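Read off the chains here:
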Amino acid sequence: MKSLAELEAIRNKAKGSVNLRKDDHAVRVVVGMATCGIAAGARPVMAAIMEEVAKRNLEHVAVTQTGCIGVCRLEPIVEVMVPGEEKVTYVKVDPKKAAEIVSEHIVNGRIVTKYTIGAAE
Amino acid sequence: MREIALHILDIVQNSIVANATRIEVIITEESDADKLTVVIRDNGCGMSKEFLEKVIDPFTTKRTTRKVGLGIPLYKMAAENTGGSFDIQSEEGKGTVVTAVFGYSHIDRQPLGDIAGTMLGLFTSYEEVDFLFRHKVNEKKFEVDTTQLKNVLGDVSFQVPEVYMWLSEYLKEGEEELNQ
């Protein structure tokens, strides 16, 4: 069973490293999590992104949720904001595509054009 | 929605939009009473009497992108379809309490679903909000208060990979134990 003592040990280890998420240079990933997004499967998408980010130890990535982005028929929607670059909107994302977006776009810096809203429309 | 946990995720977003700083999610499963009760309580901005009366109507929403809001109507229907009940109490400036009661053994009751994943997503996405999650299954209880976790973590974020993995396991284990 996981214990709070274990959490404390993790904190002591992590405390030394600066929390890069809070600064302006962080990559932001936003998942649409309104009724439409949730019904279309946004929760496992968000979990897949978080897991991929954790697995790869990407400390400069902040993952958050937002409400309805406005194109419910294309949910689940994921927006990726890299500082200094234009926002990229991915549509009809599933957990597999989400992991690919993290590795290709965030790690390798290559936008996964085939999943973008531009490709879907 | 396929799971009650997804309704919970959806309704909690309303609390977030209402600028709540503390949100409680309390799930009580009682097989003797044949009931599953979900209480979501927040200290957000609350709703006026007039808005509260209309909020069950799908054509009522505070959203500006569209003119319909289905979160509450879907949740209410899911509860009532199982012979249960649905209630919202709200006071402006104080907060809102949404209570849904489901018929536990009713054939149309959705499974609770991945509540551990739901809470994990909420805890990590809205770190500035304090969450109390309490899940009772008959005599067994699992409870997580994020203020306690934050006391341990200090300014270390839930999104730090090791912390996230710990929290994920902690929630999963707690839920598994309830269902053993």
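None of these values were measured; they are calculated from a predicted model.

Parameters and conventions
- Residues numbered from 1 in each chain as written.
- Chains lettered and ligands numbered in written order.
- Predicted model: local features only at pLDDT ≥ 70, side-chain atom pairs only at ≥ 80, totals over all residues.
- Helix = DSSP H or I, 4+ residues; strand = E, 2+ residues; numbered from the N terminus.
- Rg over C-alpha atoms; globule rule 2.2 N^0.38 Å.
- Contact = placed C-beta atoms within 7 Å.
- Pairing = 2+ DSSP bridges.
- Axes fitted to C-alpha atoms, helices over the stretch in contact; angles between N-to-C directions.
- Buried ≥ 20, exposed ≤ 12 C-beta atoms within 10 Å, placed from the backbone.
- Nonpolar A, V, L, I, M, F, W, Y, C, P; charged D, E, K, R; others polar.
- Arc of directions from axis to C-beta.
- Core = buried A, V, L, I, M, F, W, Y, C linked by C-beta atoms within 7 Å.

Got a minute to help me understand the overall build of chain B in this structure?
Scanning chain B for helices and strands turns up six helices and six strands. Mapped in sequence order, the helices and strands of chain B form the string α-β-β-α-α-β-β-α-β-β-α-α. Against the compact-globule benchmark of 16 Å for 180 residues, chain B has a radius of gyration of 16 Å, which places it among compact chains. Projecting the C-alpha coordinates of chain B onto the three principal axes gives extents of approximately 45 × 40 × 25 Å. Contacts in chain B between residues far apart in sequence, at least 24 positions, make up 64% of those at least 6 positions apart.

So what exactly am I meant to see when it comes to the overall build of chain A here?
Across its full length, chain A holds five helices and four strands. Counting helices and strands in the order they occur from the N terminus, chain A gives α-β-α-α-β-β-β-α-α. Taking the principal axes of its C-alpha atoms as reference, chain A extends roughly 50 × 35 × 20 Å. Restricting to contacts in chain A with at least 6 residues of sequence separation, those with at least 24 account for 65%.

Looking at this structure, how should I read the sheet that holds strand β2 (residues 35-42) of chain B?
To summarise the sheet geometry, strands pair through backbone hydrogen bonds and adopt either a parallel or an antiparallel arrangement. Residues and elements named next belong to chain B. Strand order in this open sheet of six strands is β3-β4-β2-β1-β5-β6, and the pairing throughout is mixed. Whereas interior strands pair on both sides, the edge strands pair on one side only; in this sheet they are β3 (85-91) and β6 (140-145). For this sheet, the mean angle separating the axes of adjacent strands, direction not counted, is 5°. The strands that helix α1 (residues 4-17) touches are β1 (22-30), β2 and β4 (95-103); relative to β2, the one it contacts most, it runs at about 20°. Contacting β5 (130-137) and β6, helix α5 (residues 146-153) runs over the sheet at an angle of about 50° to β6.

Can you help me understand the pairing of β2(B) in this one?
Moving residue by residue along a regular strand, the side chains alternate between the two faces of the sheet. All names here are of chain B. Only one face of β2 is buried, namely the one carrying L36, V38, I40 and D42, since none of K35, T37, V39 and R41 on the opposite face is buried. Looking at chain direction, β1 and β2 are connected through eight bridges and run antiparallel. If you follow I26 over to β2, its bridge partner there is V39. As defined by bridge partners, β2 adjoins β4 across eight bridges and the pair is classed as antiparallel. Across the sheet, T37 pairs through a bridge with V101, a residue of β4.

Would you take a moment to explain the interface of chain B and chain A for this structure?
When the parts come together, some accessible area is lost, and that loss is often what is quoted as the size of the interface. Taken together, the contacts link 34 residues of chain B with 31 residues of chain A. At the level of secondary structure, the elements contributing two or more residues to the side of chain B that touches chain A comprise α1, α3 (71-80), α4 (115-125), α5 and α6 (161-178) of chain B. Among the elements that make up the side of chain B that touches chain A, the one with the highest residue count is α6(B) (nine residues). The residue makeup of the side of chain B that touches chain A, split by class, is 17 nonpolar, eleven polar and six charged.

What exactly am I supposed to notice about α3(B) here?
Since the α-helix packs 3.6 residues into each turn, any two residues three or four apart lie on the same face. Within the sequence span of α3(B), burial applies to G71(B), I72(B), Y75(B), K76(B), A78(B) and A79(B). Projected onto a plane normal to the axis of α3(B), the buried residues spread over an arc of 160° and lie on a single side. Against the buried residues of α3(B) lie α2 (35-40) of chain A together with α1, β3 and β4 of chain B.

Before we go on, may I ask you to explain unusual backbone geometry in this structure?
Here the residue pair E75(A) and P76(A) is connected by a cis peptide bond, since its omega of -10° sits within 30 degrees of zero. Relative to the helices and strands, P76(A) is located in the loop between β2 (61-66) and β3 (78-81). With a phi close to 50°, N138(B) is a non-glycine residue in the positive phi region. With respect to the helices and strands, N138(B) occurs in the loop between β5 and β6.

Explain the nonpolar core to me, please; I cannot follow it from the model alone.
Buried together is how nonpolar side chains tend to be arranged in soluble globular proteins. Residues V45(A), I49(A), V78(A), I8(B) and V12(B) are the most contacted members of the largest nonpolar core, which totals 81 residues. Beyond its immediate chain neighbours, meaning those up to four positions away, V78(A) contacts V29(A), V31(A), V45(A), Y90(A), V93(A), A98(A) and I101(A).

I keep staring at the sheet that holds β3(A) and nothing clicks. Help me out?
All names here are of chain A. The sheet built from four strands is open, its strands ordered β2-β1-β3-β4 with mixed pairing. Lying at the two open borders of the sheet, with one neighbouring strand each, are β2 and β4 (88-90). On average, adjacent strands in this sheet sit at an angle of 20° to one another, irrespective of strand direction.

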